[in-house]
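A look at the structure
The chain contents come next:
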Amino acid sequence: NVLFFKITEMVYEKEEFASYKFASVFNTLLSSDAAIFIIIDSDGEKTDFYMGVRSPDPDKTISSLRNTLKNAMIGQFPGTKVENCDIDEIKNIMAGIKGNSISAVSCVANVREENLNNNEKFVQGLEKLVLSMQGQRYTGIVIANCTNQNQLQKLRRGYESVYTQL
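Everything quoted here is computed from the prediction, not taken from an experiment. (Residues numbered from 1 in each chain as written. Predicted model: local features only at pLDDT ≥ 70, side-chain atom pairs only at ≥ 80, totals over all residues. Heavy atoms only, no water.)

Structural notes on the sheet that holds strand β1 (residues 2-9)
The criterion, for reference: A pair of strands counts as paired when DSSP detects no fewer than two bridges linking them. Here a helix means four or more residues in a row that DSSP labels H or I, a strand means two or more in a row labelled E, and each is numbered from the N terminus. Here the axes come from fitting lines to C-alpha atoms, over the contacting stretch only for helices, and the angles between their N-to-C directions go from 0 to 180 degrees. When checking whether two residues touch, look at their non-hydrogen atoms; a contact exists if any pair is within 4.5 Å.
The antiparallel open sheet is built from 5 strands, whose spatial order is β4-β1-β3-β2-β5. At either end of the open sheet lies a strand with only one pairing partner, and these are β4 (81-85) and β5 (137-144). Across this sheet, the average inter-strand angle for adjacent strands is 25 degrees, counted without regard to direction. With respect to the sheet, helix α2 (residues 62-76) is in contact with β1, β2 (35-43), β3 (47-54) and β4, its orientation differing from that of β1 by roughly 25 degrees. Relative to β2, helix α3 (residues 87-95) is tilted by about 60 degrees, and along the sheet it contacts β1, β2, β3, β4 and β5.

Structure (structure tokens):
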């Protein structure tokens, strides 16, 4: 229930606000309750980018979800080139991850504060991670699961309750 494609060339204008475009790409699958994956794999000299999708719904064909995601990427970033990749390529990447060097970060994306609403001060994109890791071997995996507004509000109330108790 997981399919990937490789981004072989990414095209966007330097001054454009790419975060909004990526949000639009991710929103194409919002109603399908699918998870979107980004894998960044570097051998220390070259870095490969992959995007994938996983569907918990057995009634939806995963290839149609991958095609929707792929077409949304190409539509939002014209000139971007992608190619489907088989599961063996992804398995090889995963097999190269050493168990003693794994870190995890979790967050819930939501509306930003108004004073952090400009691109230059707020955005810390994947390209900055890639630039800071130049010359290193690493694999980064970003998983974006859909969370509806009711779940976010419930989670926020829970955090606010903990804050109040502290």
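And the narrative resumes.
Structural notes on the pairing of β1
Across 6 bridges, the pairing between β1 and β3 is antiparallel. Bridge assignment links V2 to a residue of β3, and that residue is R54. Both β1 and β4 contribute to a ladder of 5 bridges, which runs antiparallel. Bridging across to β4, I7 finds its partner in V82.

Thoughts on the packing of helix α1 (residues 18-27) against α2
In plain terms, the rule: For classification, angles of less than 35 degrees are called roughly parallel, those exceeding 145 degrees roughly antiparallel, those between 65 and 115 degrees roughly perpendicular, and all remaining angles oblique. A crossing counts as left-handed when the near helix is turned anticlockwise from the far one by less than a right angle, and as right-handed when that turn is clockwise.
Axis separation between α1 and α2 bottoms out at 9 Å; the angle between their running directions is 155 degrees. Put simply, α1 runs roughly antiparallel to α2. Crossing of α1 against α2: the hand is right-handed. Of the residues in α2, those touching α1 at K21, F22, S24 and V25 are L69, A72, M73 and Q76.

Here we look at the nonpolar core
Just so we agree on the cut-off: To form a nonpolar core, buried Ala, Val, Leu, Ile, Met, Phe, Trp, Tyr and Cys residues must be joined to one another through side-chain atoms within 4.5 Å. Three labels apply to residues, based on accessible area from a 1.4 Å probe with only protein chains included: buried if under 20% of the type maximum, exposed if over 50%, partly exposed otherwise in between.
Within the largest apolar cluster, 19 residues are counted, with the highest numbers of intra-cluster contacts made by M51, V53, L69 and M73. Elements with a minimum of two residues in this core: β1, α1, β2, β3 and α2. Counting residues per element, this core draws most heavily on α2, which supplies 5 residues. Look past the residues within four positions of L69 in its chain and what remains in contact with it is F5, V25, L29, I36, M51, G52 and V53. Ranked by size, the runner-up nonpolar core spans 8 residues in total, among them A35, C85, I90 and I93.

Digging into α2
Which entries qualify depends on this criterion: To estimate the expected span of a helix, count its residues, drop one, and scale the result by 1.5 Å. Comment: arc refers to directions from the helix axis out to C-beta atoms.
Spanning 15 residues, α2 covers 21 Å between terminal C-alpha atoms, matching the ideal 21 Å at 1.5 Å per step. Of the positions making up α2, those classed as buried are I62, L65, R66, L69, K70, A72 and M73. Down the axis of α2, the smallest arc covering the buried residues is 160 degrees, so these residues share one side. Turned more than 90 degrees away from the buried face of α2, the exposed residues are N71 and G75.

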